[in-house]
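Residue strings, one per chain:
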Amino acid sequence: MTTYLFPPPAIASLPIRGKTERLAVNRLFFVGRNYHAHALEMGKSVDKSAERPFYFTKAPQTLTQSGATMTYPSETKNFHFEMELVLAIGAPGFQVAAQDAHKIIYGYGAGLDMTRRDLQLLARDKGRPWDLGKDVEQSSVCSEIVPMPGVVIEDAGIALEVNGQTKQNSNVDKLIWNIREIIADLSLFYHLQPGDLIYTGTPEGVGAVLPGDKITGRVDGVAEVALTIGAAQ
Ligand code: MN
């Protein structure tokens, strides 16, 4: 039997609606700039005919279950919410054709890609990695995963409120690269595995939160997500 000097890290996981088993989470992928109106509010535009999607990753240890209170992170003065549809992979897939993408979909969740915006933009504008802005402890928030095997979501309202006030309100039909295209493209680079989560990008309306704020969000027909911002450490 293998023994370890230090206890191995806990397996990141999420509840699954209607099941007692949890979803063991493997990798966390995030699509950047996948709604035109959000790209524009970030000062960028996307020309789908000339560009491919891009991605960043976060450590699975950043996964936080909906309903939690997260510590307001250190080293930021501009901590932002991003409401996203989260796709859960349920079968191995490499170089998956878009028309076959549904075959590796397990289900979906409602997620938040919490971001140190000041550090992300500083890194972006200096050509540095985004890790300090994006790979923030506790920043990958997700609801329970809703089993929808083989279902490709093409049209669903996506919305977020802070303290009950609407900040984001859009539809996943505005994704620049849709679910099939994301799976096809990302699987050119990675051997996708069951338990991989793909955060599909945020619509416009992102903004800052402060300790004490309560975030609620949803993807219609999928799930709701909630997060309370706690005090700074
Ligand atoms: Mn995002």
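1. Section: the layout of surface pockets
Space inside the largest pocket adds up to approximately 210 Å³. Surrounding the largest pocket, Thr71, Tyr72, Pro73, Ser74, Arg116, Asp135, Val136, Glu137, Gln138, Ala232 and Gln233 form its lining.

2. Thoughts on the packing of aromatic side chains
Tallied over the full model, the rule gives 6 aromatic pairs. Ring plane angle 10° and centroid distance 5.1 Å describe the contact between Phe30 and Phe56, whose orientation is recorded as stacked. A residue pair is termed long-range when its members are at least 10 positions apart, and Phe30 in strand β3 (residues 28–31) and Phe56 in strand β4 (residues 55–58) qualify at 26 residues. Residue Phe30 is classed as buried on the basis of its relative accessible area, which comes to 0%. Aromatic side chains Phe56 and Trp130 sit 5.7 Å apart centroid to centroid with 45° between the ring planes, which places their arrangement in the tilted category. Taken together, the residues Phe56 in strand β4 and Trp130 in the loop between α2 (117–126) and α3 (131–134) connect sequence positions 74 residues apart. Grouping residues by exposure puts Phe56 and Trp130 together as buried. Connected via pairs of aromatic rings, a cluster forms that spans Phe30, Phe54, Phe56, Trp130 and Tyr199.

3. Structural notes on the pairing of strand β17 (residues 214–219)
With burial as the criterion, only one face of β17 is covered, namely that bearing Ile215, Gly217 and Val219; the residues Lys214, Thr216 and Arg218 on the opposite face remain uncovered. The pairing of strand β13 (residues 157–162) with β17 spans 5 bridges and is antiparallel. The residue bridging Ala159 from the neighbouring strand is Arg218, located in β17. Sheet topology note: the β17/strand β18 (residues 223–232) ladder contains 6 bridges and is antiparallel. Note on β18: the bridge partner recorded for Thr216 is Ala226.

About the cut-offs
Residues numbered from 1 in each chain as written. Predicted model: local features only at pLDDT ≥ 70, side-chain atom pairs only at ≥ 80, totals over all residues. Heavy atoms only, no water. 1 Å grid on protein atoms, 1.4 Å probe; cavity = no way out; pocket = protein on both sides within 12 Å on 5 of 7 lines; lining within 4 Å. Points joined across faces, edges and corners; volume = space filled by probe spheres on them. Phe/Tyr/Trp six-rings, centres within 6.5 Å; stacked < 30°, edge-to-face > 60°. Helix = DSSP H or I, 4+ residues; strand = E, 2+ residues; numbered from the N terminus. Buried < 20%, exposed > 50% of the residue type's maximum accessible area, 1.4 Å probe, protein only. Pairing = 2+ DSSP bridges.

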